[in-house]
Structures are given as structure tokens and as C-alpha cells.
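# Coordinates in review
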Amino acid sequence: MKLALQLNVIDPKIGGVMIMGDRGTGKSTTIRAIADLLPEIEVIKDDPFNSHKSDLELMGNEVKIAVQNNETLETELIKIPMVDLPLGATEDRVCGTIDIEKALTEGIKAFEPGLLAKANRGLLYVDEVNLLDDHLVDILLDSAASGWNTVEREGISIRHPARFVLVGSGNPEEGELRPQLLDRFGMHAEIRTVKDPILRVKVVEERTSFDQTPMLWIENYEAQQQELRDKIVAAQKLLPKVEIEYDFRVKISEVCSQLDVDGLRGDIVTNRAAKAHAAYNGRTTVTLDDIQAIITLCLRHRLRKDPLESIDSGDKVGKVFKKVFEIDD
């Protein structure tokens, strides 16, 4: 789970993470904690879209026009936005809404930004994503894939950047996501309750320690947090230089083909995730270990589910991977 989140932060184009698992296993806690690992970003001051000062793909329209007119814009550093999407959110709250009255009386496009605008250049977290309305999940996934959100109301159209890492979590007991929606998430992690009593005691002790003296607990782990932060920033800079051999790319596609994965998303995501893993470990060439570490996370949820199948889909991916890459058990 932590690896999937870190790789998506390094390369948001992987397409987000879906985390399914037992209740009380720390899914939400881990996801919210990832925001603390991220570096600050420079944004245009008082801009509702967290616009970038030079990248046109990450700018709202007003900022883009100002930049093209060579106007000087004030910037500020902010923490990477972490936006929670509540289950009861309406489409207008998610996408934003156009003030029709202002448009008719004053003739201007008055846009009230939604959660997608707030999440631009950050993370959007949906707890219990399997209970969210399907059409809202569709909107989120479309925006995450394209990097843009378009609002159409009463003949008025507004488009703004919405480049974010989509993270969803849920408990499989409360229902699964539709396969075509599940397929749109780049990676899928499954969390199981820890069985080892010693590890369980350690988790309880750490939680108790945090509850009693939170600031002291945070100080104790600050050095490790900073080390991880630096590692992620270095990986983001190294990522464009990472290469993957043609032979590895062919074998990844062969694994997808043998697993009968629909479409090509599995191939694309596995290649991207392998590069991000190599960058995370400070390498410019993808190795077999990189692919082995991420391939189950990228393909597990894309397999056709057979109701009579007893083998876990993660084990199935592992077996085919070893066969294609000729790895002995």
C-alpha cells in the first residue's frame, strides 16, 4: 500500500491507487499521512486552481492570459493539497458550478470552483469509494486521466486543470466497484489484518504513544520522514531519465496477454510504475526486481473474475510473471 502511494506521488500519470481491505487496518490513516511526505509547491497567490507559474497545462484561464500578456504574478509556497471527497457530495460540489445569474445580468462567466479545482496538483481521497455514485466515480476518473475538468451549464462552458492523484479506499464486504471503473485505477492494493501478535502489540503501543504525546512522537520520526521526503523529490527529478529495455516491455505485454487482461491500460501502467520504482531506488535503468515489485499491484484488479476461482488473483499474476520471465520458484 505504501509503495503504491509513493510511486503515484513520483509519477501521477500512473493513474491513482485503489486500496481495499479489512476495516481498522489503517487505510485512511496511511493515505492522509502521505500528504506530510510531499514537498511544498509554488502556486499563484489567491488562485483557486493552484496554478503553476510557467506550465500552461497546470494553469487556470485567467492566469494563462496574464502570463501570455507578460504580467507579473505573485506566487507563494503551499503544502500539496489533500482533498477529502465526502460520500454525500453532489456533482456541483465536485465539479464546480457556474453562477447563471451573474452570467445573465453582468455577462461574465462567474465560476464557483469545486473539489476538483482544489485538488489540482495534489491528492484527492475518496473513502468508501465503492459506495460512491457510479456517475461521480466516472467524473473523477475522467478528470484524473485527462487532467482537465469541463463544466457545462445552460450553454456556458468552463474548463480548468484538474491534475491530481486519485486515491480510493474501501471494504470489499460493502460491495465491489464495477470492473470498468476498477480498471481505471492505475494500481490496486489489498490490505489484510496483521496476524502476528508481536507486530499487533507494537502497533497498539505506537498508537498509544501517539495519543499521549503526539508532538514528541512526531519529533522521534521526523528524521525518517525527511529522509523519505528527500528520496521522493530525488526520484521525481530522476524519472524522465529512466529507461526500460525493449525485451522487458515485450515480456510485460506477454504477461498481460497471458492473463487475458482487457485493453492496454495494464501494459502502460506497469511500464510507468516500473520506471517510477527504479527512480525511487536511484537507478536510471529498470531491472527485473523493479517489475517484480509492482506487477501484481498493477494487474491484480484487471483480471476477469471467475466466481469458482479459488486462487487469489495476486498469486495468479505472480505465477504468470515467473513463467514469462523464466524465474524459478
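The written sequence of each chain sets the order in which its residues are numbered from 1. Local features in a predicted model are, by the rule used here, given only for residues with pLDDT of at least 70; side-chain atom pairs are given and counted only at 80 or more, and totals for whole chains, interfaces and linings are based on all residues. Only hydrogens and water are removed before side-chain values are computed, so all heavy atoms of the structure are retained for them.

### Some remarks on the overall build of the chain
In this description a helix means any DSSP run of H or I spanning at least four residues, a strand means any run of E spanning at least two, and both kinds are numbered starting from the N terminus. Across its full length, the chain holds 14 helices and 11 strands. Computed over its C-alpha atoms, the radius of gyration of the chain comes to 21 Å, within 12% of the 20 Å expected for a compact globule of 329 residues. Taking the principal axes of the C-alpha coordinates as reference, the chain spans close to 70 × 50 × 40 Å. Accessible area is worked out with a 1.4 Å probe on protein chains only. A residue is then buried under 20% of its type maximum, exposed over 50%, and partly exposed in between. Looking at the chain as a whole, 43% of its 329 residues qualify as buried. Long-range pairs, those at least 24 residues apart, make up 74% of the contacts in the chain between residues at least 6 apart in sequence. Surface accessibility follows the Shrake-Rupley procedure with a 1.4 Å probe radius. Residue values consider only the protein chains on display as shielding. Taken as a whole, the chain presents about 17800 Å² of accessible surface, with 51% of it coming from carbon and sulfur. Here the chain contributes 42 positive and 57 negative side-chain charges, whose respective centroids are spaced 3 Å apart. Restricting the calculation to C-alpha atoms gives the radius of gyration, and the globule rule supplies 2.2 Å times the number of residues raised to the power 0.38. Any two residues whose heavy atoms approach within 4.5 Å at even a single point are treated as in contact. In summary, the charge assignment counts Lys and Arg as positive and Asp and Glu as negative, without counting His or the chain termini. In plain terms, the charge of a residue is placed at NZ if it is Lys, CZ if Arg, CG if Asp and CD if Glu.

### So, the pairing of strand 11 (residues 187–191)
Strand 11 sits mainly inside the fold: four of its five residues count as buried. The pairing of strand 1 (residues 17–21) with strand 11 spans five bridges and is classified as parallel. Within the sheet, the bridge partner assigned to Met-18 lies in strand 11 and is His-188. By this definition, two strands are paired if DSSP reports at least two bridges between them.

### Observations concerning the nonpolar core
If you look at the biggest cluster of nonpolar residues, it comprises 55 residues, and the most contacted ones within it are Met-187 and Ile-291. With seven residues, helix 12 (residues 265–280) is the single largest residue contributor to this core. Met-187 has contacts with Ala-4, Leu-7, Asn-8, Ile-14, Gly-16, Val-17, Met-18, Ala-273, Ile-294, Leu-297, Cys-298 and His-301, leaving out every residue within four places of it along the chain. Counting residues in hydrophobic clusters, the runner-up holds 33 residues, among them Met-20, Phe-49, Ala-89 and Phe-164. Here, the term nonpolar core denotes a set of buried Ala, Val, Leu, Ile, Met, Phe, Trp, Tyr and Cys residues that are joined through side-chain atoms within 4.5 Å.

### Things to note about a negative patch on the surface
There is a patch of like negative charges on the surface, built from Asp-99, Glu-101, Glu-106 and Glu-112. Mapped onto the elements, Glu-106 comes out in helix 5 (residues 100–106). On the basis of relative accessible area, Glu-106 is assigned to the exposed category, the value being 51%. Excluding any residue in a salt bridge, patches collect residues exceeding 30% relative accessible area, merging like charges within 9 Å and nonpolar Val, Leu, Ile, Met, Phe, Trp and Tyr side chains within 5 Å. The rule for a salt bridge is simple: a side-chain nitrogen of Lys or Arg has to be within 4 Å of a carboxyl oxygen of Asp or Glu.

### What to know about the packing of helix 1 (residues 2–10) against helix 13 (residues 288–299)
Think of each axis as a best-fit line through the C-alpha atoms, taken over the contacting stretch in the case of a helix, with angles from 0 to 180 degrees between the N-to-C directions. One way to put it is that helix 1 packs onto helix 13 with a least axis distance of 11 Å and a crossing angle of 95°. It follows that helix 1 is roughly perpendicular to helix 13 by the angle criterion. Along the contact surface, helix 1 presents Leu-3, Ala-4 and Leu-7, while helix 13 presents Ala-293, Ile-294 and Leu-297. Gly falls in the polar group here, along with every residue not listed as nonpolar (Ala, Val, Leu, Ile, Met, Phe, Trp, Tyr, Cys, Pro) or charged (Asp, Glu, Lys, Arg). Among the residues making up the contact of helix 1 with helix 13, the classes are represented as six nonpolar, no polar and no charged. Each angle is binned into one of four classes, with values under 35 degrees roughly parallel, values over 145 roughly antiparallel, values of 65 to 115 roughly perpendicular, and all other values oblique.

### Looking at the side chain of Lys-64
On the secondary structure map, Lys-64 appears in helix 3 (residues 61–68). One buried charged residue, Lys-64, remains without a salt bridge, the closest side chain of opposite sign being Glu-57 at 6.2 Å. Ignoring any residue separated from it by four or fewer positions in sequence, one finds Lys-64 in contact with Leu-56, Met-59 and Trp-148.

### Side note on the sheet that holds strand 11
Here we have five strands laid out as an open sheet, ordered 4-7-10-1-11, and parallel in their pairing. What marks the edges here is a single partner per strand, and that holds for strand 4 (82–85) and strand 11. Between one strand axis and the next, the sheet turns through 20° on average, direction left out of account. Examined bridge by bridge, strand 7 (residues 123–127) and strand 10 (residues 165–170) share five bridges and lie parallel to one another. Opposite Asp-127, over in strand 10, you have Ser-169 as the bridge partner. Contacts between helix 7 (residues 134–146) and the sheet are confined to strand 4, strand 7 and strand 10, with strand 10 contributing the most and set at about 145° to the helix.

### With respect to the packing of aromatic side chains
Each aromatic ring pair is characterised by the separation of its centres together with the angle its planes make. Think of it this way: a Phe, Tyr or Trp ring, Trp meaning its six-membered ring, pairs with another when their centres are within 6.5 Å, and the plane angle makes it stacked under 30 degrees, edge-to-face over 60, tilted otherwise. A complete count under the given rule lists four aromatic pairs for this structure. Ring geometry for Trp-217 against Tyr-221: centres 4.8 Å apart, planes inclined by 40°, an arrangement best described as tilted. You can see Trp-217 and its partner Tyr-221 sitting in helix 10 (residues 214–238), four residues apart, about one turn around the helix. Judged by its relative accessible area of 28%, Tyr-221 is partly exposed. Three or more aromatic residues link up through ring pairs in this structure, and these residues are Phe-210, Trp-217 and Tyr-221. The rule for a charge over a ring is simple: NZ of Lys or CZ of Arg within 6 Å of the ring centre, and within 35 degrees of the ring normal. Here the guanidinium or amino end of Arg-159 rests over the ring plane of Trp-148, the centre of that ring lying 4.2 Å away. The ring of Tyr-280 has Lys-231 sitting right over it, with the charged end atom 4.3 Å from the ring centre.

### Some details on unusual backbone geometry
Of note, Asp-46 is a non-glycine position whose phi angle comes to about 60°, a positive value. As for its placement among the helices and strands, Asp-46 is situated in the loop between strand 2 (41–44) and helix 3. The exposed category is assigned to Asp-46, whose relative accessible area is 71%.

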